[in-house]
Number of protein chains: 2
Amino acid sequence: MPPSDSMDLLTIATQAKTSAHHLATLSESARNTALNAIASALTERKEEIVKANEKDCSLAENNISSALYARLKLGESKLQSAIAGVRDVAKLRDPLGSISLKRELDQNLVLERVSCPLGVLGVIFEARPEALIQIASLAIKSGNGVILKGGKEALHTCTVLTEIIQKALQETEVNPYTVQLLTTREEIKALLDLDEYVDLIIPRGSNEFVRYVQENTKIPVLGHADGICHLFIDEFADLQPAVKITVDAKTQYPAACNAIETLLIHEKIASQFLPAIAQALEEKGVKLKGDEATRKIIDCEKAVEDDWRTEYSDLILALKIVDSIEDAIAHINKYGSKHTDGIVTTNLDNAEKFLNEVDSAGVYHNCSTRFADGFRYGFGAEVGISTQKMPPRGPVGLEGLVTYKYKLRGQGQIAADYSGINAKPFTHKDLDFN
Amino acid sequence: MPPSDSMDLLTIATQAKTSAHHLATLSESARNTALNAIASALTERKEEIVKANEKDCSLAENNISSALYARLKLGESKLQSAIAGVRDVAKLRDPLGSISLKRELDQNLVLERVSCPLGVLGVIFEARPEALIQIASLAIKSGNGVILKGGKEALHTCTVLTEIIQKALQETEVNPYTVQLLTTREEIKALLDLDEYVDLIIPRGSNEFVRYVQENTKIPVLGHADGICHLFIDEFADLQPAVKITVDAKTQYPAACNAIETLLIHEKIASQFLPAIAQALEEKGVKLKGDEATRKIIDCEKAVEDDWRTEYSDLILALKIVDSIEDAIAHINKYGSKHTDGIVTTNLDNAEKFLNEVDSAGVYHNCSTRFADGFRYGFGAEVGISTQKMPPRGPVGLEGLVTYKYKLRGQGQIAADYSGINAKPFTHKDLDFN
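Cut-offs and rules
Residues numbered from 1 in each chain as written. Chains lettered and ligands numbered in written order. Predicted model: local features only at pLDDT ≥ 70, side-chain atom pairs only at ≥ 80, totals over all residues. Heavy atoms only, no water. UniProt positions renumbered as here; feature names shortened; annotations may be inferred. Pairing = 2+ DSSP bridges. Helix = DSSP H or I, 4+ residues; strand = E, 2+ residues; numbered from the N terminus. Contact = heavy atoms within 4.5 Å. Axes fitted to C-alpha atoms, helices over the stretch in contact; angles between N-to-C directions. Salt bridge = Lys/Arg side-chain N within 4 Å of Asp/Glu carboxyl O. Buried < 20%, exposed > 50% of the residue type's maximum accessible area, 1.4 Å probe, protein only. Lys, Arg positive; Asp, Glu negative; His and termini not counted. Right-handed = clockwise from strand over helix to strand, strands pointing away. Domains from an automatic or database assignment. Arc of directions from axis to C-beta. Buried area = accessible area lost by both parts, 1.4 Å probe. Polar contact = N/O pair within 3.5 Å; in protein donor to acceptor, adjacent residues only side chain to side chain. Nonpolar A, V, L, I, M, F, W, Y, C, P; charged D, E, K, R; others polar. Least-squares fit on C-alpha atoms with pLDDT ≥ 70 in both. Parallel < 35°, antiparallel > 145°, perpendicular 65-115°, else oblique. Left-handed = near helix turned anticlockwise from the far one by under 90°. Expected span 1.5 Å × (residues − 1). Phe/Tyr/Trp six-rings, centres within 6.5 Å; stacked < 30°, edge-to-face > 60°.

- Chain A has the name Gamma-glutamyl phosphate reductase in an unreviewed UniProt entry, where Cyanobacterium aponinum is given as its organism.
- UniProt, in its Sequence similarities (unreviewed entry) section for chain A, records the words "Belongs to the gamma-glutamyl phosphate reductase family."

Next comes the structure, spelled out in structure tokens:
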């Protein structure tokens, strides 16, 4: 099999589409067998992978930040857990063939809505090469072909990983062309134009990059550009849990998209709560920026309008005092990114009001926004988090990689018999499908 | 309330968004009361509506086709059934607040996935003014604001309908600004740019128009440009039902998107089947276009490559002989529009193969493609039919106008406790939610 850089993108996309069509016809056990074959092949050729990665690392070392370098590095333990992840994906419940509606339209005319693969995924990720392993596994499990494009720093690692995966697939029922690798940056734009071949684009990277993808393709995009999450400390909040939740939501992993960027505080408890939270956050090294009202109570930098729209992804938190829960909800719906927003309160009416009226994928009561995650939700895997309004919304597991079709099985029925003055009525009887 | 042409679009969109936000908080009974108030107001002012429509009709009479004129005309009986439709929508099951997942992540940390409105719909329809009544009802039922744009021929009718609906809403809990009307063609392009305000665009019109909308907006679009549907007569088909189903699928309503455009015939039965179907279709006035193999058996016009991609929407049918079921499936997946495709066969393995491998929203066995319709599927209403791969796919009912959010209710839980070496495990226990 020639490496992808000698093939044109259209050939790659056609191969992926044809292979995906074949993959969609395979049984769950054939797909799982392929996954386990991949896991074994990766284990067998571990040293080769680590060596290719060392080459990437030494080439990149002087040109990238230490954070990026840490993500690029694929040592044996990271690799081992990525391989374990492949076997875990094989154990997940099959997302295909599940029935979500079964209805008799008339006698011997039965409608079923059945889950099926989307087709071909286009996944663009940054430096972390083990992402390739995870994505390829999720694609095969869900019956989809996948065209991968990794960060340029990870080129050698991604090339050897793809080669191992394709070779492992040769021994299985899954066509090796199901998993394809792009190697040049120019191919990204070309991939985004392939709406006839690619059914879903999953960009993993900086907010700017995700926004670029969203603005440059007609293909549906699974992902979010911003994670501007809020916590609102209601007038009826208990202070101790409020402080604990705030500290966790901001500092447990500040670079995560589900960490909070703005803390809203009800004016009735501001003078009590602010000194306590300021102390707790400053102990964790968080820099505070407050509106005028906040700065009358605690000493901190001034927050301006722009701060309400900023995802710091860092140990910085904007603070704002609001005069009502309505004011808090309005602020979140105006400045938030519809990701995840929480309220801390002992008043259940206020909690329900917040949960109903805040227009975000995740709305939380008395817990940290950091729970917004596919694994924590029990999805077994996370494909991405979507902040768009249409489903799939929020953390998306394997079910975000499938769609459904309607199967209608009849015995010669025609529409004319159900039309006009002597129209036969439909029975529309829902049937059990478990 | 000033008519919309004196307001700028941004004001209209802002009003719709704010009103939709309020509508989303109302109970099912408040929404249904509003629907019934609309039905009563329309009944009361029937004569005014008919008069406005007569004005539209007489202005348009000499400039439009008789088919378009028939769609534009809103006489008393059409109006009465549209009003009955409003009361029917009120009776539909509430699409809001339904729970599709309930899971304990840990003790007293419970996740729920709950359906909620999308926000604001932008609906662009052609001459049929009663569409406005139906769409406004579906929007209110599903908790969404709606910005409507009707065909220019229906301007007077749409204006008086909107005025009546808004006035009726004044007496209810639903804000009248929930339903907005645009009146100029220029506003369509501007509406498509309002991705900050509008959450879903539903275009109803010609294929060209739907394609224009799809290519000129970042807002998700519910609709389909083409309906190139197929029927495949397998080698194991019984001829009589095959003829009956073909005639229905082509002629029962040839302008419908779910009517077939191409008939594929297995070569093994072609010499038997073709003369029979040719006679039956010609009796119904259908013009046939066949490939070379077909023309060796029956006398008809020649079909060229372009015919396989053409939606005739008329009494014309393309015929092609295929040498296997695989060939039929490949033809459909290549030339079809992923709408609805059927197989006629007595061989169940072939039927299942076809249903699994044809990549369309609807895949049918032994029945007419004309069943692809929200009402026939028992959805109570049809918002549109989608041929995209991502859900909602196929005929879309009210549930296509809603999305969901995740509600997480805790008692002070933080992510730090579930991370690191002493991480608490999640229980991930699915709970009953019926």
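Here the narrative resumes.
### Brief notes about the sheet that holds strand β1 (residues 99-106) of chain A
Consideration 1: Pairing is mixed in the open sheet, where 11 strands are placed in the order β17(A)-β1(A)-β2(A)-β16(A)-β13(B)-β12(B)-β7(B)-β8(B)-β11(B)-β9(B)-β10(B). Edge positions in the open sheet fall to β17 (429-430) of chain A together with β10 (301-302) of chain B, since each of these has one partner strand only.
Consideration 2: In this sheet, strand β16 (residues 402-413) of chain A lies alongside strand β2 (residues 109-117) of chain A in antiparallel orientation, the contact comprising eight bridges. Each residue of the ladder has a partner; that of Glu112 of chain A, found in β16 of chain A, is Lys407 of chain A.
Consideration 3: Sitting on the sheet, helix α11 (residues 267-283) of chain B is in contact with β7 (229-233), β8 (260-266), β9 (287-290) and β11 (316-322) of chain B, with an inclination near 145° to β8 of chain B.
Consideration 4: Each of β16 of chain A together with β7, β12 (340-344) and β13 (362-367) of chain B touches helix α14 (residues 348-357) of chain B; the most contacted strand, β16 of chain A, lies at about 145° to it.

### Focus on the pattern of salt bridges
Proximity of charged atoms lets side chains of opposite charge pair with each other.
Consideration 1: In total, this model carries 54 salt bridges over all chains according to the counting rule given.
Consideration 2: A salt bridge links Lys287 of chain B to Glu301 of chain B, with the shortest nitrogen-to-oxygen separation between them at 3.5 Å. Here Glu301 of chain B lies in strand β10 and Lys287 of chain B lies in strand β9, a separation of 14 residues in the sequence.
Consideration 3: A salt bridge links Asp359 of chain B to Arg393 of chain B, with the shortest nitrogen-to-oxygen separation between them at 3.2 Å. Residue Asp359 of chain B is located in the loop between α14 and β13, and its partner Arg393 of chain B is located in the loop between β14 (384-386) and β15 (394-396); the two are separated by 34 residues in the primary sequence.
Consideration 4: Taken together, the salt bridges that share partners define one network made up of Asp199 of chain A together with Lys338, Asp359, Lys389 and Arg393 of chain B.

### Looking at the side chain of Asp56 of chain B
Residues and elements named next belong to chain B.
Consideration 1: Looking at where Asp56 falls in the secondary structure, it is placed in helix α3 (residues 46-60).
Consideration 2: Buried charged residue Asp56 carries no salt bridge. Nearest counter-charge: Lys55, at 7.6 Å.
Consideration 3: Discounting chain neighbours no more than four positions away, the residues touching Asp56 are Leu72, Glu153, Ala154, Leu155, His156 and Thr157.

### Re the pairing of β7 of chain B
Residue and element names in this part refer to chain B.
Consideration 1: Burial of β7 is extensive: five of the five residues sit out of reach of the surface.
Consideration 2: Pairing of β7 with β8 involves five bridges; the strand directions are parallel. Residue Cys229 lies in a different strand from β8, and its bridge partner there is Ile260.
Consideration 3: Tracing the backbone out of β7, into helix α10 (residues 239-251) and back to the parallel element β8 gives a crossover that is right-handed.

### Considerations on the domain arrangement of chain A
Frequently, the measure chosen for interface size is the accessible area that the parts lose on association.
Consideration 1: Parsing chain A into structural domains produces domain 1 (4-98 + 112-215) and domain 2 (229-371).
Consideration 2: If you average the C-alpha positions of domain 1 of chain A and of domain 2 of chain A, the two centres end up 38 Å apart.

### Topic: the environment of Glu47 of chain B
Consideration 1: Summarising the element assignment, Glu47 of chain B is placed in helix α3.
Consideration 2: As a C-alpha pair, Glu47 of chain B and Ser65 of chain B span 18 residues in sequence and 26 Å in three-dimensional space.

### Observations regarding unusual backbone geometry
Residue and element names in this part refer to chain A.
Consideration 1: Residue Pro391 is joined to Pro392 through a cis peptide bond whose omega torsion reads -5°.
Consideration 2: Tracing the backbone through its elements, the reader meets Pro392 in the loop between β14 (384-386) and β15 (394-396).
Consideration 3: Located in the positive-phi region is Asn108, a residue other than glycine, with phi close to 60°.
Consideration 4: If you trace the backbone, Asn108 turns up in the loop between β1 and β2.
Consideration 5: Phi is positive for His428, close to 45°, though the residue is something other than glycine.
Consideration 6: Here His428 is to be found in the loop between β16 and β17.

### Here's the deal with helix α9 (residues 207-215) of chain B
All names here are of chain B.
Consideration 1: Among the residues of α9, Phe209, Val210 and Val213 are the ones counted as buried. When α9 is viewed along its axis, its buried side chains cluster within an angular range of 100° and face the same direction.
Consideration 2: In this fold, the buried residues of α9 make contact with β3 (120-124), α8 (186-192) and β6 (200-203).

### Describing the interface of chain B and chain A
Consideration 1: The interface is formed by 70 residues belonging to chain B together with 70 residues belonging to chain A.
Consideration 2: Summing both sides of the interface, chain B and chain A together bury roughly 6000 Å²; the carbon and sulfur share of this comes to 56%.
Consideration 3: Area buried by chain B at its contact with chain A is led by Phe371, Met390 and Tyr406 of chain B, which between them contribute 11% of it.
Consideration 4: Where chain B meets chain A, there are four salt bridges.
Consideration 5: Residue Arg409 of chain A is joined to Glu352 of chain B by a salt bridge in which the shortest nitrogen-to-oxygen separation is 2.8 Å.
Consideration 6: Seen at the junction of chain B and chain A, the total is 56 residue pairs in polar contact (both at pLDDT 80 or more).
Consideration 7: Tallying contributions element by element places strand β16 (residues 402-413) of chain B first for the side of chain B that touches chain A, with 12 residues.
Consideration 8: Taken together, the residues of the side of chain B that touches chain A sort by class into 33 nonpolar, 20 polar and 17 charged.
Consideration 9: Alignment of β16 of chain A against β13 of chain B, held across five bridges, turns out to be parallel. Pairing of Tyr406 of chain A across the sheet is with Gly362 of chain B, part of β13 of chain B.

### Some remarks on the relation of the copies chain B and chain A
Consideration 1: Its rotation angle being 180°, the transformation that places chain B on chain A also includes 0.0 Å of axial translation and leaves an RMSD of 0.1 Å. The superposition operator between the copies reduces to a two-fold rotation axis.
Consideration 2: A symmetric contact is evident, with 100% of the interface residues of chain B recurring at the interface of chain A.

### Quick word on the packing of helix α13 (residues 325-335) of chain B against α14 of chain B
Residue and element names in this part refer to chain B.
Consideration 1: One can describe the packing of α13 onto α14 by two numbers: an axis separation of 10 Å at closest approach and a directional angle of 20°. Here α13 is positioned roughly parallel relative to α14, judged by the angle of their axes. Relative to α14, α13 is oriented so that their crossing is right-handed. For the pair α13 and α14, the contacting residues are Ile325, Glu326, Ile329, Ile332 and Asn333 in the first and Asn350, Lys353, Phe354 and Glu357 in the second.
Consideration 2: Among the residues forming the contact of α13 with α14, the class breakdown is four nonpolar, two polar and three charged.

### Focus: the side chain of Asp373 of chain B
All names here are of chain B.
Consideration 1: By secondary structure assignment, the location of Asp373 is in the loop between β13 and β14.
Consideration 2: In terms of polar contacts, Asp373 uses its side chain to reach the backbone amide nitrogen of Phe375, at 2.7 Å.
Consideration 3: Of the polar contacts made by the side chain of Asp373, one reaches the backbone nitrogen of Arg376; its length is 3.0 Å.

### Digging into helix α2 (residues 28-44) of chain A
Residue and element names in this part refer to chain A.
Consideration 1: Under the 1.5 Å per step criterion, the end-to-end length of α2 is 24 Å for 17 residues, consistent within 8% with the ideal 24 Å.
Consideration 2: For α2, the full list of buried residues reads Ala30, Arg31, Asn32, Ala34, Leu35, Ile38, Ala39, Ala41 and Leu42.
Consideration 3: If you follow the buried residues of α2, they end up packed against α1 (9-23), α3 (46-60), α5 (76-91), α6 (130-141) and α7 (155-170).

### A look at the packing of aromatic side chains
Consideration 1: Enumeration over the complete set of coordinates arrives at 18 aromatic pairs over all chains.
Consideration 2: Seen in terms of ring centroids, Phe379 of chain A and Tyr406 of chain B are 6.2 Å apart; in terms of plane orientation they differ by 55°. Their pairing is tilted. Note that Phe379 of chain A is positioned in the loop between β13 (362-367) and β14 and Tyr406 of chain B in strand β16, a pairing that runs across two chains.
Consideration 3: Measuring from centroid to centroid gives 5.0 Å for Tyr406 of chain A and Tyr377 of chain B, while their planes differ by 45°, and the two rings are tilted.

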